[in-house]
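The primary structure of each chain is shown beneath.
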Amino acid sequence: MNSARRAPVLFGVLMIIAAAVWAAMISAPHWSARASGLDRLEAALLDIRFSLFGTVAPAPDVVIVAIDDATLAATQGTTANRLLLADTIDAIVATAPKVIGLDVILADAGAEDVDSRLAAALRAAPMVIAAGGSFADDAPASPIARPSSVLRPQPTFADASDVGLVNLSTDATGVPRYVSMVFSTDQGIEPSFALRIAARFAEAEPVISEDQLALGAVELPLDVGLNLPLRLVGPRGSIPTYSAMDVLSGDLQDVLAGKAVILGYTATAFGDRFPSPFDESVPGVEIMATAVSQMLGGETLRRDATTRGVDVGASFALALVGTLLVLILPLSAGVPLALGLLALWGGVVVVAFSAGLWLGAAVPMVASAGPLAGAVMARYYTEKRKANRGAKALAALKRFQSPALAEMIADDPSFLREPTAKSLSVFFVDLSSFTHLSEWLGPARTQDLLKHFHQITAQAVETEGGVVLNYMGDGALAVFGMTDAEGNSADQALRTSFALIEAVRALGQEDYTVGCRIGLHYGDVILSRLGGDRHQQVSVAGDSVNLASRLLEIAKTEGAIIAATDALLEVSASELPRPADRVKPVPVRGREGWATVHFWSA
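Residues numbered from 1 in each chain as written. Predicted model: local features only at pLDDT ≥ 70, side-chain atom pairs only at ≥ 80, totals over all residues. Heavy atoms only, no water.

Draft legend 1. Broad picture of the pattern of salt bridges. Per the counting criterion, the structure on display carries 22 salt bridges. Put simply, E190 and R152 hold a salt bridge, and the shortest N to O gap is 2.5 Å. Linking E190 in strand β9 (residues 188–191) with R152 in the loop between β4 (149–151) and α6 (155–158), this pair joins segments that are 38 residues apart in sequence. Overall, the relative accessible area of 10% leaves E190 in the buried class. Residue R152 is classed as partly exposed on the basis of its relative accessible area, which comes to 21%. The salt bridge partner of D162 is R200, with a shortest N-O separation of 2.6 Å. Of this pair, D162 sits in strand β5 (residues 162–165) while R200 sits in helix α7 (residues 193–202), placing them 38 residues apart in sequence. (Salt bridge = Lys/Arg side-chain N within 4 Å of Asp/Glu carboxyl O. Helix = DSSP H or I, 4+ residues; strand = E, 2+ residues; numbered from the N terminus. Buried < 20%, exposed > 50% of the residue type's maximum accessible area, 1.4 Å probe, protein only.)

Okay, here's the thing in structure tokens:
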């Protein structure tokens, strides 16, 4: 394989290697669940999927009791917040729930009698209360969420209840995406608030493996770090929510019985709120209830090591296959096919979401888009260089061949690979008395005269759609009808002849005159390539060519400037610029029979 052939192959290999390296760089953070610059894009694309498929039904066993604006307005000034909590808990307990989760961190000490009252209410209930972890931005990586510190409830409350951490993982826009199942704290491994509630409700010990949570009959896939992806169910109020005022009034006896009740603040004055794909502001207690709902059989969203592996595989496949398509196929086909693959993956991602699978959209898209853009740019500039070289080669070819013929060869390199028979108008021209004139002019002036003669001959022939096949010293051979251009080839040849006679006469100077003779014939010829495989030229042969050539001698003998056979005049369809001066049969040297020839004199 020579260097010219090796270069594209080597370039393609380098592009494939670059695509693989790029895909690896983009996929590495995703595979290990590390934060990356693509998280914001993935969040936006995930929200589109949420909006596309809409809300889902939560588990029927989870309800929310909200200390809302109406509750605070009704109890303002009559009871302290902790007494309100105690009264609400007592009222909920009276409805016989299965478990109560208090989404409030009771970290500060209050009045002794008030705290005692609340502690008593907590002890009387199947209760889980909240603690909160604080995470440092520069905390070292850990396989399990490790808060730098934990804000815990007062001991009097912690002793009366189970405690779980309420922390959520949010994306760059603040939308909650995960809830951790366990945390590594200074007191060891501690469960999350949502897991505590779900375990109490299911009356089952949670079994957590590297990628799964088993809670009774429910099995949930977990992402890296024992995180549960949140399948947000809808806008605020999607999980049944009841005002604490209704509980205190005793109106919800049958509604809360046997349920997992999440108690928390939804009042405007409390800032525990999150944006979601469905709503600009969802109370934190509802996000916690969503997590509990998933653990008790509600809709889930699977993102784990398996789905991340699929994402990475798709990233490599799209990057490598797309790059190959762009490199191997023409850009007009390779680019649409590569983009079609990206669109196909987008369709897979959307369909998978409908089945509860969170496949990555951002990572495969960016992992493939970079190599695709690079391959397209490389191919574009490569093709542009080839086109420029081709244009230069065509321009050079046009200097050695008729421009029309050069275009035909460029468009179809196999043109005239096999000899072709065709009926054409054959045109020969030479300068009159050139031997004597060249001797008188000398070499330099003769060369200048020939240069101008060839230029005006080419211009006159090409103006009428003809092709100059050969220049022969002071003469030229051209044909009309070869390029299938519109028009009558005989008329084109005649118009060219009269125009060229005038143009050649104008080449004369004060000290000499210039004239020419033209021979014209219409008939069958053979068009072919002459020469070896490496160097060829287009030629025309046959009796019609020989006859047209002999007409130059006959015109000289007859003192004419144009000699055209009767065969050409019979094909002509237009009125001649001027009629022939005479028509007569003449013998043709080397040819049997006579030819009827039309003569025009100067």
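Draft legend 2. Here's a closer look at a nonpolar patch on the surface. A contiguous nonpolar patch, built from V9, L10, V13, L14, I17, V21 and M25 and spanning about 650 Å² of accessible area, is present on the exposed surface. Mapped onto the secondary structure, I17 falls in helix α1 (residues 3–31). Residue classification places I17 among the partly exposed positions, given a relative accessible area of 47%. (Patch = residues over 30% accessible without salt bridge, like charges linked within 9 Å, V, L, I, M, F, W, Y side chains within 5 Å. Areas by Shrake-Rupley, 256 points an atom, 1.4 Å probe, with all protein chains shown as cover.)

Draft legend 3. Up close: the packing of aromatic side chains. As enumerated under the stated definition, the model contains ten aromatic pairs in all. Consider the rings of F427 and F480, whose centres lie 6.1 Å apart with planes at 70 degrees: the pair is edge-to-face. Of this pair, F427 sits in strand β18 (residues 420–431) while F480 sits in strand β20 (residues 475–480), placing them 53 residues apart in sequence. Given a relative accessible area of 0%, F427 falls into the buried group. Taking the relative accessible area as the measure of exposure, F480 reaches 0% and is therefore buried. Relative to W600, the ring of F498 has its centre 5.7 Å away and its plane inclined at 90 degrees; by these criteria the two rings are edge-to-face. Placement of F498 in helix α16 (residues 489–505) and of W600 in strand β25 (residues 591–600) is noted, with a sequence separation of 102 residues between them. (Phe/Tyr/Trp six-rings, centres within 6.5 Å; stacked < 30°, edge-to-face > 60°.)

Draft legend 4. Inspection of the sheet that holds strand β13 (residues 227–229) at higher detail. In spatial order, the strands read β6-β7-β13; together these three strands make up an open sheet with antiparallel pairing. Edge positions in the sheet fall to β6 (168–170) and β13, since each of these pairs with one other strand and no more. The mean angle between the axes of side-by-side strands here comes to 35 degrees, regardless of whether they run parallel or antiparallel. Inspection of the sheet shows strand β7 (residues 176–180) paired to β13 by three bridges, in the antiparallel sense. Each bridged residue has a counterpart across the sheet, and for Y178 the counterpart in β13 is P229. (Pairing = 2+ DSSP bridges. Axes fitted to C-alpha atoms, helices over the stretch in contact; angles between N-to-C directions.)

Draft legend 5. A look at the sheet that holds strand β11 (residues 212–215). With antiparallel pairing, the three strands of this open sheet are ordered in space as β10-β11-β12. Bordering the open sheet on either side are β10 (207–208) and β12 (218–221), each of which pairs with just one other strand. By the bridge criterion, two bridges tie β10 to β11 in an arrangement that is antiparallel. The residue of β11 that forms the bridge with I208 is L213.

Draft legend 6. Here's a closer look at the environment of V351. Tracing the chain through its elements places V351 in helix α11 (residues 331–354). Each C-alpha atom, one on V351 and one on R49, is 9.6 Å from the other, the two residues being 302 residues apart in sequence.

Draft legend 7. Up close: the side chain of R82. On the secondary structure map, R82 appears in helix α4 (residues 81–93). Looking at R82, the relative accessible area reads 17%, which means it is buried. In terms of polar contacts, R82 uses its side chain to reach the side chain of D115, at 2.8 Å. When near neighbours in sequence (up to four residues on either side) are disregarded, R82 contacts L106, A107, D108, A109, G110, V114, D115, L118 and F157. (Polar contact = N/O pair within 3.5 Å; in protein donor to acceptor, adjacent residues only side chain to side chain. Contact = heavy atoms within 4.5 Å.)

Draft legend 8. Molecular detail of the nonpolar core. Counting 49 residues, the largest nonpolar core has V62, M181, I197 and M295 as the members making the most contacts within it. If you list the elements that add at least two residues to this core, you get α2 (39–53), β1 (62–67), β3 (127–134), β7, α7, β11, β15 (260–265) and α9 (284–295). A91, M127, A244 and A267 belong to the second-largest nonpolar core, a separate cluster that totals 36 residues. (Core = buried A, V, L, I, M, F, W, Y, C linked by side-chain atoms within 4.5 Å.)

Draft legend 9. Geometry of the packing of α7 against α9. The geometry of α7 relative to α9 is characterised by a closest axis approach of 9 Å and an angle of 45 degrees between their N-to-C directions. As the angle between them shows, α7 and α9 are arranged oblique. The chirality of how α7 crosses α9 is right-handed. Here F193, A194, L195, I197 and A198 of α7 come into contact with α9, specifically with M288, A291, V292 and M295. Looking at side-chain class alone, the contact of α7 with α9 contains nine nonpolar, no polar and no charged residues. (Parallel < 35°, antiparallel > 145°, perpendicular 65-115°, else oblique. Left-handed = near helix turned anticlockwise from the far one by under 90°. Nonpolar A, V, L, I, M, F, W, Y, C, P; charged D, E, K, R; others polar.)

Draft legend 10. The arrangement of the environment of D279 in detail. Looking at the element boundaries, D279 is found in the loop between β16 (273–274) and β17 (282–283). Between the C-alpha atom of D279 and that of F428, which follows or precedes it by 149 residues, the distance is 87 Å. Setting aside residues up to four positions removed in sequence, D279 forms contacts with P235 and R236.

Draft legend 11. Focus on α7. For α7, the buried fraction is high: seven of the ten residues fall into the buried class. Turning to α7, its buried residues number three or more, namely F193, A194, L195, I197, A198, A199 and F201. Note on α7: the residue one or two positions beyond its end, E203, has a positive phi of about 50 degrees.

Draft legend 12. Geometry of the side chain of S539. Note on placement: S539 falls in strand β22 (residues 536–541). Among residues more than four places away in sequence, those in contact with S539 are I526, L527, S528 and L530.

Draft legend 13. Representation of unusual backbone geometry. Here A33, not a glycine, exhibits a phi torsion of approximately 60 degrees, which is positive. For A33, a relative accessible area of 33% translates into the label partly exposed. Even without being a glycine, E203 presents a positive backbone phi close to 50 degrees. If you trace the backbone, E203 turns up in the loop between α7 and β10.

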